[in-house]
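Spelled out, the chains give:
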Amino acid sequence: LEKDLFVRINKLDYIFVSSDISKKYFLKKFQKYQLYQNPKLYNTGYLKLDHLINFIKRKKRKKNKFKTILLAPGYFYAYKKYNMMTEIENIIRMFVKKKEFKILFRPHPLDLTRKGNFNLVKKLNNKFRNFKNFIFDNKISYNDSFIQSDILITDLSSTAYTYSFSTLKPVLFFSKCEKDLKKQSFFKTNYFNDRKKIGALSGKVKLLPYFVKIFISNKFQFQKKIKNLRKRRIQNLYISKRKTIETINKII
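The following paragraphs examine the structure supplied in this document. (Residues numbered from 1 in each chain as written. Predicted model: local features only at pLDDT ≥ 70, side-chain atom pairs only at ≥ 80, totals over all residues. Heavy atoms only, no water.)

### Topic: helix α11 (residues 208-217)
Put simply, the rule reads: Any residue under 20% of the maximum accessible area for its type is buried, any over 50% is exposed, and the rest in between are partly exposed; the area is computed with a 1.4 Å probe on protein chains only. Segments assigned H or I by DSSP are reported as helices when at least four residues long, segments assigned E as strands when at least two residues long, and all are numbered from the N terminus. Relevant arc is that of directions from the helix axis to the C-beta atoms, nothing else.
The complete set of buried residues in α11 reads Leu 208, Pro 209, Phe 211, Val 212 and Phe 215. When α11 is viewed along its axis, its buried side chains cluster within an angular range of 160 degrees and face the same direction.

### Remarks on the pattern of salt bridges
It is possible for side chains of opposite charge to pair when their charged atoms get near one another. Keep this limit in mind: Here, a salt bridge means any side-chain nitrogen of Lys or Arg that lies within 4 Å of a carboxyl oxygen of Asp or Glu.
Tallied over the entire structure, the rule returns 15 salt bridges. The partner of Lys 183 in a salt bridge is Asp 180, with the nearest N and O atoms 3.8 Å apart. On the basis of relative accessibility, which here comes to 26%, the residue Asp 180 falls in the partly exposed class. One salt bridge in this structure joins Glu 246 and Arg 242, with 3.5 Å as the shortest N-O distance. Remark: Arg 242 and Glu 246 occur in helix α13 (residues 240-251); sequence separation between them is four residues, near one turn of the helix. For Glu 246, a relative accessible area of 36% puts it in the partly exposed group.

### Things to note about the sheet that holds strand β8 (residues 199-202)
To be explicit about the condition: Strand pairing requires that DSSP identify at least two bridges connecting the strands. Axis definition: a line fitted to C-alpha atoms, over the contacting stretch in the case of helices. Angles run 0 to 180 degrees between N-to-C directions. Pairs of residues are marked as contacts when any of their non-hydrogen atoms sit within 4.5 Å.
On the basis of which strands lie adjacent, the open sheet formed by six strands has the order β5-β4-β3-β6-β7-β8 and parallel pairing. Pairing within the sheet leaves two strands with one partner each, and these edge strands are β5 (134-136) and β8. Strand-to-strand twist in this sheet, taken as the mean axis angle between neighbours without regard to direction, amounts to 20 degrees. Where strand β4 (residues 101-105) and β5 come together, three bridges link them in parallel fashion. If you follow Leu 104 over to β5, its bridge partner there is Ile 135. Where helix α5 (residues 118-128) meets the sheet, its contacts fall on β4 and β5, and the angle it forms with β5 comes to roughly 145 degrees.

### Observations concerning a nonpolar patch on the surface
Put simply, the rule reads: Only residues whose relative accessible area exceeds 30% and that form no salt bridge are eligible for patches; like-charged ones are grouped when within 9 Å, while nonpolar side chains (Val, Leu, Ile, Met, Phe, Trp, Tyr) are grouped when within 5 Å. Methods summary: accessible areas were calculated by the Shrake-Rupley approach with a probe of 1.4 Å, and residue burial reflects only the protein chains presented.
A cluster of nonpolar side chains, Tyr 14, Phe 16, Ile 248 and Ile 252, forms an exposed patch at the surface whose accessible area comes to about 400 Å². Along the chain, the position of Ile 248 falls in helix α13. On the accessibility criterion, Ile 248 (39% relative accessible area) is partly exposed.

### Some words on the packing of helix α4 (residues 88-96) against α5
Heads up, the condition is: Should an angle fall under 35 degrees it is called roughly parallel, over 145 degrees roughly antiparallel, and 65 to 115 degrees roughly perpendicular, with every other angle called oblique. We call a crossing left-handed when the near helix sits turned anticlockwise from the far one by less than a right angle, and right-handed when that turn is clockwise. In this classification, the charged set is Asp, Glu, Lys and Arg, the nonpolar set is Ala, Val, Leu, Ile, Met, Phe, Trp, Tyr, Cys and Pro, and all remaining amino acids, among them Gly, are polar.
Relative orientation of the contacting elements α4 and α5 amounts to 20 degrees, with a least axis distance of 11 Å. Classified by the angle between their axes, α4 and α5 sit roughly parallel to one another. The two elements α4 and α5 meet at a crossing, and its hand is right-handed. Residue-level inspection shows Ile 88, Glu 89, Ile 92, Arg 93 and Val 96 of α4 in contact with α5, the latter providing Leu 120, Lys 123, Leu 124, Lys 127 and Phe 128. Its residues assigned to classes, the contact of α4 with α5 comprises six nonpolar, no polar and four charged.

### Brief notes about the nonpolar core
Nonpolar side chains in soluble globular proteins generally cluster together in the buried interior. What counts is decided by this rule: Definition used in this section: a nonpolar core is a set of buried Ala, Val, Leu, Ile, Met, Phe, Trp, Tyr and Cys residues joined via side-chain atoms within 4.5 Å.
In terms of nonpolar packing, the biggest core is built from 56 residues, with Ile 88, Ile 92, Phe 95 and Ile 153 touching the most fellow members. Looking at this core, the element that brings in the most residues is α4, giving six residues. When residues no more than four places from it in sequence are discounted, the contact partners of Ile 88 are Leu 71, Pro 73, Phe 76, Phe 105, Leu 120 and Leu 124. One finds Phe 6, Val 17, Phe 30 and Tyr 33 within the second-largest nonpolar core, a separate group that totals nine residues.

### A few points about the packing of aromatic side chains
As a reminder, the rule being used: For Phe, Tyr and Trp, where Trp contributes only its six-membered ring, two rings pair if their centres lie within 6.5 Å, and the inter-plane angle classes them as stacked under 30 degrees, edge-to-face over 60, or tilted in between.
Summed over all chains, the structure comprises 26 aromatic pairs. Centroid distance Phe 173 to Tyr 191: 6.0 Å. Interplanar angle 80 degrees. Geometry classified as edge-to-face. You can see Phe 173 sitting in strand β7 (residues 171-174) and its partner Tyr 191 sitting in helix α9 (residues 190-193), a full 18 residues away along the chain. As far as burial versus exposure is concerned, Phe 173 and Tyr 191 are alike and both buried. Members of the aromatic cluster, joined through ring pairs, are Tyr 79, Tyr 161, Phe 165, Phe 173, Phe 186, Phe 187, Tyr 191 and Phe 192.

Okay, here's the thing in structure tokens:
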């Protein structure tokens, strides 16, 4: 399937990517499948990230006495051995019983459909909706959830870096099978290597509040770490729109 995808991609004339990492990824795949009539690759910056950063700067956060946790797991039917599907109810229950926290539960978009674990999402919403500090977020846009939250808890979702790089807020990765995860080939990717640079990881539900409190009390240190990583990983930050337009004009 991957080879077929890149055979089709190879028919393009130009590809605009969001970072040097993405550029290297495409080049590596073209080489792997011996596709030598490659499209020209340009790193024009991360348009989506620039848009999010600008949106967050314009919006003011509502005053709230609670420390707000955005709980945004990955797709429940992907990597079931490693995701938080089996523990999600326990995680929500633990936090809603602690009066100092508010939980924003935002399921993966696929889990809001029959393609995902819709029944589990429905069950969780029905079970906790009467708690005043539980909010079920099924809006298309995650912008408001990003703004209103203090930290993110996730498992294997790419939202982790979108969230952290746009808000400079930390991410707590729930990893229940870390030892087995380390044996997988995909574990060598930047997604896993960078986790502790934007937050921390824990495989025990009962330890999650402990890490949340550490994040909140050390938020400025985390901001600095996240900003440093973002600088290394993302080029053309804040100017991606201009860079994209300039590159198009050069091509035409």
